[in-house]
Every structure is written in C-alpha cells, then in structure tokens.
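These are the residues of each chain, in order.
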Amino acid sequence: MQTIQLNNLNYYSNEANQHYISVSQFKSAVECEASVIAELKGEYERPSSLALTVGSYTHAAFESDQVFDEFVEENRGVIFNTRDKKYADFKQADSMIETIKNDRFAMLALEGEKEVIYTGELFGVLWKIKVDAINHDRKRFSDLKTTQSLYKRYWSDKYSEYVSFVGAYDYVLQMAIYREIIFQNTGDCYEPYIVAVTKETPPDKIVLDFDKSRFEFELEYVKELLPNIIAAKSGNKEPKRCEKCGYCRATKQLKNTFEIEFLLK
C-alpha cells in the first residue's frame, strides 16, 4: 500500500486521517461512524474542548520547554484571563505537572524520545500512532494520562463489567495497537506503561503496567469491528449513526415515533 510521510506538522491533518486510521479515529467510529465520516469529508468540525486543551497543555510540559512555551503562547487567550492570570483549569494542570515532575519513578517511566510517530499495517489497514515517550534502550514506551480519580469505576458494555478509567477509555486497546506497530518498526516487543495523574486536589498519581494476556482480546475486538469502519470510510456502505452525538443531533430528521422504552437504551 502506498503511504504518505507523516511528521508533527501533518500528523493530525485531514489528509493523514483519510489515509491512515488511528486509535482515536477507531474509537470515535465505534461510537459513531457518521460523525467520523462527516469530519473526514469536511462536513463537520468537532467543537473545541477545554478538556482537550488542558490535556495538550499537560502533555506539552513533558515534551520540551520549547514546545510548552510555544503552546502557551499560541493559546494565551484560553489559558490566561484579562488580568494575565491563569484560569483555574490550567492552575490545576500546573499542579498535576508538578506532581509528576517531582516523582522520580514517574519521570523514569516517561524517560525517552518524545512524540514519536510510527506507521504500520494491521488487519490489512494502514495505521498511524504517536507515542508520548519511547525508550529504545529499555525497550519500553509510555503514555501520559489524566483522569478524575484512579479508583472511580465505570460500567462497560464492551467488557460487561465495571472497569477502571483504563478500560473505560480503551487505553488497553491503545497499548495493544501501539505495541504491534512499534514491533513492526523495531523488531522488538516493547513494554507499555501508563503514567496517570488525577485532577484532584492534591493530585494522585500512578504508573501502570499490563498483563500481556489483555492484548489478545483487544486485537480481536479491533479485527471484528474494523471492516465495517473501513467500509464506511471508503464509501462502500452508509456510515452508522449513533443518534446521540453532536453531529447526529444537528443532522437528525425525524421519520417516526418511538415507544418510551427507547429513551432508556
């Protein structure tokens, strides 16, 4: 398959998203194929999210001082109020950043080359990944995550049980895909880790590893759902609507009535 060369400037571009699938695109399509396809066609733009900006702010702090300073300058209107004071969300982010930076073990887990891009082929489809930190000497990679609480439980239809934030947001799936693509590029099986920090006051933190047996289920899950997503992406089938997301609400056209039980689905 023909590929396009990715870099930090075009990684998130529409062209790259059309050519490759990423973990985030896959997860979004599982939730609603229609919104993803509309976005790829330029018919829909996801609204900006303060939470995403705060997450990017936090990640930039661990990439490099230069990247962080540039991010702050580019987003001054969102980060600072009219008195040039940081809004509460970014003050909280600063506290989370310091919590990690003041922990030697957490920083050791994040040691390595930052924001590394790899591409590969999985289940006949081209994938792209961007790794927060990868350490080639120690054969490991890590991802920085922020969360409400380390111990909050979420009901998962996918697993049919309560799970932690790691399962709820498909971070196990992410690590499984990343591990496979990194193997294709290096020839080695790298160990994945998550460095998580909470939005509590004061923030909590943890470094998580994974039992390798978890990855088999995730890869089978991707293998099962991927064909329909690719068929929708290539225009070979009508993308499935969730009828709940912003895109579906904005484009919904009523054609029938619903029995009230429908509201509990």
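Counting of residues starts from 1 at the beginning of each chain's written sequence and follows it residue by residue. Predicted model: local features are reported for residues with pLDDT of at least 70 only, side-chain atom pairs are reported and counted for 80 or more only, and whole-chain, interface and lining totals are derived from all residues. Processing note: side-chain calculations cover all non-hydrogen atoms of the structure and skip hydrogens and water entirely.

## A closer look at the environment of Ala133
So, point 1. Secondary structure elements follow DSSP: runs of H or I of four or more residues count as helices, runs of E of two or more count as strands, with numbering from the N terminus. Residue position: Ala133 is located in strand E2 (residues 125–135).
So, point 2. Partly exposed describes any residue whose relative accessible area lies between the buried limit of under 20% and the exposed limit of over 50%, with all areas from a 1.4 Å probe on protein chains only and scaled to the type maximum. Residue Ala133 is classed as buried on the basis of its relative accessible area, which comes to 1%.
So, point 3. Put simply, Ala133 and Val116 are 17 residues apart on the chain and 7.1 Å apart in space, counted from C-alpha to C-alpha.

## Remarks on helix H2 (residues 23–31)
So, point 1. Taken residue by residue, H2 has Val23, Gln25, Phe26 and Ala29 as its buried positions. Buried residues along H2 cover an arc of 165° about the axis, so they all sit on one side.
So, point 2. If you follow the buried residues of H2, they end up packed against helix H1 (14–19), helix H3 (33–40), E2, helix H10 (171–186) and helix H11 (213–233). Relevant arc is that of directions from the helix axis to the C-beta atoms, nothing else. Contacts: residue pairs with any heavy atoms within 4.5 Å of one another.

## Re the side chain of Glu218
So, point 1. Checked against the element boundaries, Glu218 lands in helix H11.
So, point 2. Residue Glu218 is classed as buried on the basis of its relative accessible area, which comes to 2%.
So, point 3. Residue contacts for Glu218: discarding those within four places in its chain leaves Lys158, Tyr159, Asp170, Val172, Leu173 and Ala176.

## Details of unusual backbone geometry
So, point 1. For the bond from Thr201 to Pro202, the omega torsion is -5°, close enough to zero to count as cis.
So, point 2. Among the secondary structure elements, Pro202 is positioned in the loop between strand E6 (191–198) and strand E7 (205–208).
So, point 3. Look at Asp84: it is not a glycine, yet its phi comes out positive at around 65°.
So, point 4. By the element assignment, Asp84 lies in the loop between helix H6 (76–79) and helix H7 (88–101).
So, point 5. Exposure remark for Asp84: the relative accessible area of 47% places this residue in the partly exposed category.

## Comments concerning H3
So, point 1. Of all eight residues in H3, seven are buried, a share of seventy percent or more.
So, point 2. Of all the positions in H3, only Glu33, Ala34, Ser35, Val36, Ile37, Ala38 and Leu40 are classed as buried.
So, point 3. Packing partners of the buried residues in H3 comprise H1, H2, H11 and helix H12 (246–251).

## Quick look at the side chain of Lys145
So, point 1. Position of Lys145 relative to the elements: it lies in strand E3 (residues 140–147).
So, point 2. Residue contacts for Lys145: discarding those within four places in its chain leaves Phe165, Tyr171, Gln174, Ile194, Val195, Ala196 and Val197.

## A word on the sheet that holds E7
So, point 1. One requirement defines pairing of two strands: DSSP has to find at least two bridges between them. Taken in spatial order, the five strands make up an open sheet running E1-E2-E3-E6-E7, and their pairing is mixed. One side of each edge strand has no neighbouring strand; the edge strands of this open sheet are strand E1 (113–122) and E7. The sheet shows a mean angle of 35° between the axes of neighbouring strands, direction not considered. Fitted lines through C-alpha atoms serve as axes, helices being fitted only where they are in contact, and the angles separating the N-to-C directions of these axes extend from 0 to 180 degrees.

## A short note on the nonpolar core
For soluble globular proteins, the rule of thumb is that nonpolar side chains tend to be buried together.
So, point 1. Counting residues in hydrophobic clusters, the biggest one holds 41 residues, and the most contacted among them are Phe26, Trp127 and Ile177.
So, point 2. For this core, the secondary-structure elements that each account for two or more residues are H2, H3, E1, E2, helix H9 (165–168), H10, E6 and H11.
So, point 3. If one sorts the elements of this core by residue count, H10 sits on top with nine residues.
So, point 4. Setting aside chain neighbours within four positions, we find Ile177 in contact with Val23, Leu122, Trp127, Ile129, Leu219 and Val222. Nine residue types can take part in a nonpolar core, namely buried Ala, Val, Leu, Ile, Met, Phe, Trp, Tyr and Cys, and a core is a set of them joined through side-chain atoms within 4.5 Å.

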